[in-house]
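This is what each chain is made of:
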Amino acid sequence: MSHRRTHDPFTASPYTPTPDDDQGRFFLSPTSPGHTPEPMPSPFIQSVSQLTDTSNTSRTCLKLTQAIKKWTPGFHWFVPTAMITVFLCGCFGAVAHHLFYSHLHGRPANDQYMMLHIGVAFGFFTKSSLVGAVGLAYRQRVWRTLRRKPVSLNGIDALFQAVESPIWMFTGSEMLVKARVASLMALAAWLIPLASVFAPGALTAQLQEVNYPAPGECVVASLNFSKEMETDWRARGNHLGYHLAFWNTTPPPPQTAEVNWYDQPSFQANRLTTLAYMGKRIVAEEKSPCRGFNCSYTTEFFAPWYNCTPTPFSLTPFDISTFIPNSPSLPIGDNYLYRAMTHPNETVYTRPYSADYNSSTYTNQGTFLSLPPVYLAVSVNTTIPSTTSPRWRTVLTPTAYTCHHQKALYRVTSSWSNSVVTRSSRILSSSSLPLPVSPRDVVPYREFVAYYSLYAIMRDLMLGDMTLDNDTMTPVTHTKICTTRLFTPVTALPVPEFAQRFQEFYQNIVLAFMSDPDFVVATKATVPCSLKRWENRYCYKPRGLWLGYSIVIFISAVAMAVGTWSLFENGYCSDTTFSKVLVTTRNSTLDSIVLRYPGVSLGGEPMPKELMDLRLRFGVIHEEGEEGSHAAFGVEEEVKKLQKGGEDVGLGIELQRRKGWHGVGTGLDGYMVAP
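Residues numbered from 1 in each chain as written. Predicted model: local features only at pLDDT ≥ 70, side-chain atom pairs only at ≥ 80, totals over all residues. Heavy atoms only, no water.

1. A word on the overall build of the protein
Part 1 of the reasoning: Scanning the protein from terminus to terminus reveals 19 helices and 15 strands.
Part 2 of the reasoning: Long-range pairs, those at least 24 residues apart, make up 71% of the contacts in the protein with a sequence separation of at least 6.
Part 3 of the reasoning: Working note: accessible area of the protein is about 35,200 Å², and carbon and sulfur atoms make up 59% of it. (Helix = DSSP H or I, 4+ residues; strand = E, 2+ residues; numbered from the N terminus. Contact = heavy atoms within 4.5 Å. Areas by Shrake-Rupley, 256 points an atom, 1.4 Å probe, with all protein chains shown as cover.)

Here it is as C-alpha cells:
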C-alpha cells in the first residue's frame, strides 16, 4: 500500500509537506527522484561532496565525523570572553571616572566644559560596556527560553529585538509572561544608561574659601612710637601737622629755639581719636595689604595702654555713698551713675604762664613731674531684680577702678575678609615711663610726649560724671564718654565688665592710628601671613557617582550570572544574528505555513495575525522521510526537547550517517547540519 499523500496544504498534515508538492520542490531531499543537485558554494558541503567521491569508505567516514565534530555546538571562547571583557571595561570605566573626578576635587574650576565632556565620555563608555555585557548575557537567556517554552512569532520578535528597540514594552506582552527573567534583563539594558546621566553630576564647581598652605609675606600697617623721637617736627616732608603733639619753643620764633616743649595734642590726633571713639567699628586701612587675598597676620609693637585694676572706694577720691543705689534721692543725694577724675593734689607738669610763652629764657616750661592715674567708678547693672529699693528695678553695684597709663607691648592679630578687617589685641607686658622728664632730655622727652598726647585725649574724654535719680528719669551727663559704646543705648547704663571693655576701647583707639599712613607713628612691617580667598573649585561627591554605578554594576553582574547559567544550560554559545536565524529555521512545516500567505516571504509589514500568533519552539525535529533529526524552530507539536549541548542532534546525525552512507556516490540521504 502506498503511503504517498495527495498534497493539499490545507487538508494534508499541517506540519510536513509532501515531496511531490510543486511548491515544496525547493525543500526536496537531495536523494529525491527527479532532483538534480546543483553545486553548492559552501566549503563544508563541498568537502562533504569530495568525501562521497572517495573509494575508501572508512577513511571518508572518519573525515566526515571530524567535520561534524568541528561544527557541532559547544562552548566557544569568544562569547564568554567578550561578555567578561566588556563587563570589566565597564568596571574600569567607572573606576577611571572616579579617579578622574578625585583628581579634580579641590582644584581650580578651569576648563569646566572640557572636564564636563570628559566626564560624560567616561559615563557613556561605562554605560555602553555594561549594556554590551547585559546584551550578550540576554541572548543566551533568550535561547534557553525558546528551548523550553513555545512562544508565538510575535513574542519571538519581541525577544530578538528587546535590547535594540523599546517597542517590545508595548507589544511584547507574551514575552513579559513567558520570559520574565529575559524581560528583566532587557529592561536593565534600557535603564543602565541612566547612570551615565547622573554620574557627571557628582562633580560640581563651588565657591570655596581656599587656604594656601605656604605662608607668604605681607607688608602691613603697624605702629612705631619711637619714630616721634627720631623725627624733627619742623622739617618739611616729615608729615607736618601729623605728629601726636603741638610744640612750643623757647625763645619763640623767629629766634633760634633753645628748647622745644609740649603744648597740647595735635588737631590730627584729636580728629582720628574722635573718629575712633564715636564710631561703632574700628578704624581700619582703606585697602587690604593682601593683594586680592583674604589674609591673617600678627604684628607686635609698643604703644600706650591703660592698665585698670579694681580698687576699694577708700583708696580713691570717691565716696561710695554718693553712687546709686546708696545715694538718697535728689536733691539730697548726688546719685552718681558714672564718675571719673584725677587726684586734685597731683601736678602733671609745670604749665607755663602766658608770659612764659614769649619768654626768651627757659624756666623749666613743659617739664613733666608725674603722670597721675585716672580714677573712675561706675554702678553696674547686675540684671538681678531689686527687692530693697523701689527706685530701681534691678540691683546696681558700685565699683571703683584705678587706671594707670603705661607703655605696653601689643600683639595684634588682623584678619582681612572681603576688604573688611577684624582685629584683636593682647597685651604681653607693660611698664611705666620714667619720670620726671625735662625738654632738655630730647629723646626720652619726645617719646614721653607721644604717649602723653593720647593719655591727655583719653583723660579729657573720661573725666566728668553721669547722674540718674531713678529708673523712670533721664540720665544727666557731664562727660563725653556717654557718646561711646561703653554705655548701652537703651538704658544708658554702663556696660557689664566696664573696666575690661574700657581697656579694649582704648586699645582700639590706639590701633586706629594704623589706618592713616600720614601719621609719624604709622609705619609698615613685613610679617608672615596666611593667605586665603574664595575661588571656584571642583567639588567631587563620590556618593553621587557610585550610587548609580554600584547599582548598574550589580545589575550587570547578576545579568552575567544568569547569562552564564543559561549558557551552561544550553550547552553552547549562540546569538540572535541573521546567520543564527538562518540555520535554525530549516523546517518544511514552517515553509508550508509561510506559503499560505503569498508575499510574506518578502519580509514586508504588517505580518498576518494568524502567523504572528503561531507558537514556535526551538528543539529537535524529525521530519517525515528522514531517518535523522536536526535542531530548528518548529510548532509545539512536532518539537522535542533539545538536550544540553545538542547531543541528541549529534546522535540523530550519526544514525542517519550510518544508515544512509553505503559507499561512493550514494550521497547523504537528507543530511542536514544543525547549527
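From this point, things continue past the structure.
2. Quick notes on the layout of surface pockets
Part 1 of the reasoning: The space that makes up the second largest pocket amounts to roughly 340 Å³.
Part 2 of the reasoning: If one sorts the elements of the lining of the second largest pocket by residue count, helix 15 (residues 542-570) sits on top with 10 residues. (1 Å grid on protein atoms, 1.4 Å probe; cavity = no way out; pocket = protein on both sides within 12 Å on 5 of 7 lines; lining within 4 Å. Points joined across faces, edges and corners; volume = space filled by probe spheres on them.)

3. Observations concerning the environment of Asn 536
Part 1 of the reasoning: Summarising the element assignment, Asn 536 is placed in strand 13 (residues 522-540).
Part 2 of the reasoning: With a relative accessible area of 41%, Asn 536 lands in the partly exposed category.
Part 3 of the reasoning: When the C-alpha atoms of Asn 536 and Gln 208 are compared, they prove to be 6.3 Å apart, with 328 residues separating the residues in sequence.
Part 4 of the reasoning: With residues near it in sequence (within four places) discarded, Asn 536 still touches Arg 107, Pro 108, Ala 109, Gln 206 and Leu 207. (Buried < 20%, exposed > 50% of the residue type's maximum accessible area, 1.4 Å probe, protein only.)

4. As for the confidence of the model for the protein
Detail in the predicted coordinates should be disregarded across regions flagged by low pLDDT.
Part 1 of the reasoning: Averaged over all residues, the pLDDT of the protein is 78; the fraction at 70 or higher stands at 76%.
Part 2 of the reasoning: In the model of the protein, helix 1 (residues 43-52) stands out as the element of lowest mean pLDDT, 42, in contrast to strand 6 (residues 294-310), which has the highest, 94.
Part 3 of the reasoning: The low-confidence segment residues 1-55, where pLDDT is below 50, has 57 contacts with residues more than four positions distant or belonging to other chains.
Part 4 of the reasoning: A low-confidence stretch, residues 651-675 (pLDDT under 50), is modelled with 62 contacts involving residues beyond four sequence positions or located in other chains. (pLDDT = per-residue confidence, 0-100.)

5. Some words on the packing of helix 11 (residues 267-278) against helix 13 (residues 442-462)
Part 1 of the reasoning: Running from N to C, helix 11 and helix 13 cross one another at 50 degrees; their axes reach a closest spacing of 11 Å. When the axes of helix 11 and helix 13 are compared, the pair comes out oblique. With respect to the hand of their crossing, helix 11 and helix 13 are arranged in right-handed fashion. Seen from helix 11, the contacting residues are Ala 269, Asn 270, Thr 273 and Tyr 277; seen from helix 13, they are Leu 454, Ile 457 and Leu 461.
Part 2 of the reasoning: In terms of residue class, the contact of helix 11 with helix 13 is built from five nonpolar, two polar and no charged. (Axes fitted to C-alpha atoms, helices over the stretch in contact; angles between N-to-C directions. Parallel < 35°, antiparallel > 145°, perpendicular 65-115°, else oblique. Left-handed = near helix turned anticlockwise from the far one by under 90°. Nonpolar A, V, L, I, M, F, W, Y, C, P; charged D, E, K, R; others polar.)

6. Focus on the pairing of strand 5 (residues 259-265)
For a regular strand, the rule is simple: side chains alternate between the two faces of the sheet.
Part 1 of the reasoning: Among the seven residues in strand 5, six count as buried, and that is most of the element.
Part 2 of the reasoning: When strand 4 (residues 245-250) meets strand 5, the two strands line up antiparallel, connected through six bridges. Directly across from Trp 247, in strand 5, lies its bridge partner Tyr 262. (Pairing = 2+ DSSP bridges.)

7. Overview of the pattern of salt bridges
Part 1 of the reasoning: A full pass over the atoms with the stated rule returns 10 salt bridges.
Part 2 of the reasoning: Residues Glu 300 and Arg 411 are paired through a salt bridge, measuring 2.6 Å at the closest nitrogen-oxygen approach. Of this pair, Glu 300 sits in strand 6 while Arg 411 sits in strand 9 (residues 394-417), and the two are 111 residues apart along the sequence.
Part 3 of the reasoning: Relative accessible area serves as the criterion here: at 32%, Arg 411 is assigned to the partly exposed category.
Part 4 of the reasoning: Ionic contacts of the salt-bridge type, sharing partners, join the residues Arg 533, Glu 535 and Arg 537 into one network. (Salt bridge = Lys/Arg side-chain N within 4 Å of Asp/Glu carboxyl O.)

8. Regarding the packing of aromatic side chains
Aromatic rings in a pair are described by how distant their centres are and how their planes are angled relative to each other.
Part 1 of the reasoning: Taken as a whole, this structure holds 27 aromatic pairs when the rule is applied.
Part 2 of the reasoning: When the ring of Tyr 262 is compared with that of Phe 368, the centres are 5.9 Å apart and the planes differ by 45 degrees; the resulting orientation is tilted. Highlighted residues: Tyr 262 in strand 5 and Phe 368 in the loop between helix 12 (354-357) and strand 8 (374-385), separated in sequence by 106 residues. Considered together, Tyr 262 and Phe 368 belong to a single accessibility category, that of buried residues.
Part 3 of the reasoning: The structure contains a cluster of three or more aromatic residues connected by ring pairs, namely Trp 247, Tyr 262, Tyr 306, Phe 368, Tyr 445, Phe 448, Tyr 452, Tyr 455, Phe 502 and Tyr 506.
Part 4 of the reasoning: Here the basic side chain of Lys 407 rests over the ring of Phe 302, its NZ or CZ set 5.1 Å away from the ring centre. (Phe/Tyr/Trp six-rings, centres within 6.5 Å; stacked < 30°, edge-to-face > 60°. Lys NZ or Arg CZ within 6 Å of the ring centre and 35° of its normal.)

9. Brief notes about the sheet that holds strand 15 (residues 630-635)
Part 1 of the reasoning: Taken together, three strands build an open sheet; the order of strands is 1-14-15 and the sheet is antiparallel. Strand pairing shows two members of the sheet lacking a second neighbour, strand 1 (151-152) and strand 15, which therefore form its edges.
Part 2 of the reasoning: Across the sheet, helix 4 (residues 112-148) is in contact with strand 1, strand 14 (615-621) and strand 15; its angle to strand 14 comes to roughly 85 degrees.

10. So, the state of the cysteines
Part 1 of the reasoning: Following the criterion strictly, the structure yields three disulfides and no others.
Part 2 of the reasoning: The disulfide that involves Cys 218 links it to Cys 529, with 1.9 Å between the sulfurs. Across the disulfide from Cys 218 to Cys 529, rotation about the S-S bond amounts to roughly 65 degrees, and the bridge is consequently right-handed. Of this pair, Cys 218 sits in strand 3 (residues 216-223) while Cys 529 sits in strand 13, and the two are 311 residues apart along the sequence. (Disulfide = S-S within 2.5 Å.)

11. Regarding the side chain of Asn 248
Part 1 of the reasoning: Here Asn 248 shows up in strand 4.
Part 2 of the reasoning: Of note is the side chain of Asn 248, whose polar atom sits 2.8 Å from the side chain of Asp 263. (Polar contact = N/O pair within 3.5 Å; in protein donor to acceptor, adjacent residues only side chain to side chain.)

12. What to know about a nonpolar patch on the surface
Part 1 of the reasoning: The grouping of Leu 184, Leu 187, Leu 191, Leu 194, Val 197 and Phe 198 at the surface amounts to a nonpolar patch, some 600 Å² of accessible area in total.
Part 2 of the reasoning: Going through the elements one at a time, helix 8 (180-191) and helix 9 (193-198) are the ones with two or more residues in the nonpolar patch.
Part 3 of the reasoning: Structurally, Leu 187 can be placed in helix 8. (Patch = residues over 30% accessible without salt bridge, like charges linked within 9 Å, V, L, I, M, F, W, Y side chains within 5 Å.)

13. Re the nonpolar core
Part 1 of the reasoning: Tyr 306, Tyr 410, Met 462 and Phe 502 are the most contacted members of the largest nonpolar core, which has 74 residues in total.
Part 2 of the reasoning: Looking at this core, the element that brings in the most residues is helix 13, giving 13 residues.
Part 3 of the reasoning: When sequence neighbours within four positions are dropped, the list of residues in contact with Phe 502 reads Tyr 306, Cys 308, Cys 403, Met 458, Met 462 and Leu 486.
Part 4 of the reasoning: With 55 residues, the next largest nonpolar core counts Ala 195, Tyr 549, Val 552 and Leu 616 among its residues. (Core = buried A, V, L, I, M, F, W, Y, C linked by side-chain atoms within 4.5 Å.)

14. Brief notes about helix 8
In an α-helix there are 3.6 residues to a turn, and that puts residues three or four apart on one side.
Part 1 of the reasoning: With 12 residues, helix 8 should reach 16 Å at 1.5 Å per residue; the first-to-last C-alpha distance of 16 Å fits that figure.
Part 2 of the reasoning: By the burial criterion, the buried members of helix 8 are Ala 182, Ser 183, Met 185, Ala 186, Ala 188 and Ala 189. (Expected span 1.5 Å × (residues − 1).)

15. Section: helix 13
Part 1 of the reasoning: Taking 1.5 Å of rise per residue, the 21 residues of helix 13 would be expected to cover 30 Å, and the 30 Å separating its terminal C-alpha atoms lies within 8% of that figure.
Part 2 of the reasoning: The element helix 13 is largely enclosed, with a buried count of 17 among its 21 residues.
Part 3 of the reasoning: Within two residues after helix 13, Gly 464 carries a phi angle of roughly 125 degrees, on the positive side.

16. Section: unusual backbone geometry
Part 1 of the reasoning: Cis rather than trans, the peptide bond between Thr 250 and Pro 251 has omega equal to -10 degrees.
Part 2 of the reasoning: Locating Pro 251 in the fold gives a position in the loop between strand 4 and strand 5.
Part 3 of the reasoning: Along the chain, Ile 324 connects to Pro 325 via a cis peptide bond; the corresponding omega equals 5 degrees.
Part 4 of the reasoning: One can find Pro 325 in the loop between strand 6 and strand 7 (336-341).
Part 5 of the reasoning: For Asp 111, which is not a glycine, the phi torsion comes out positive at approximately 50 degrees.

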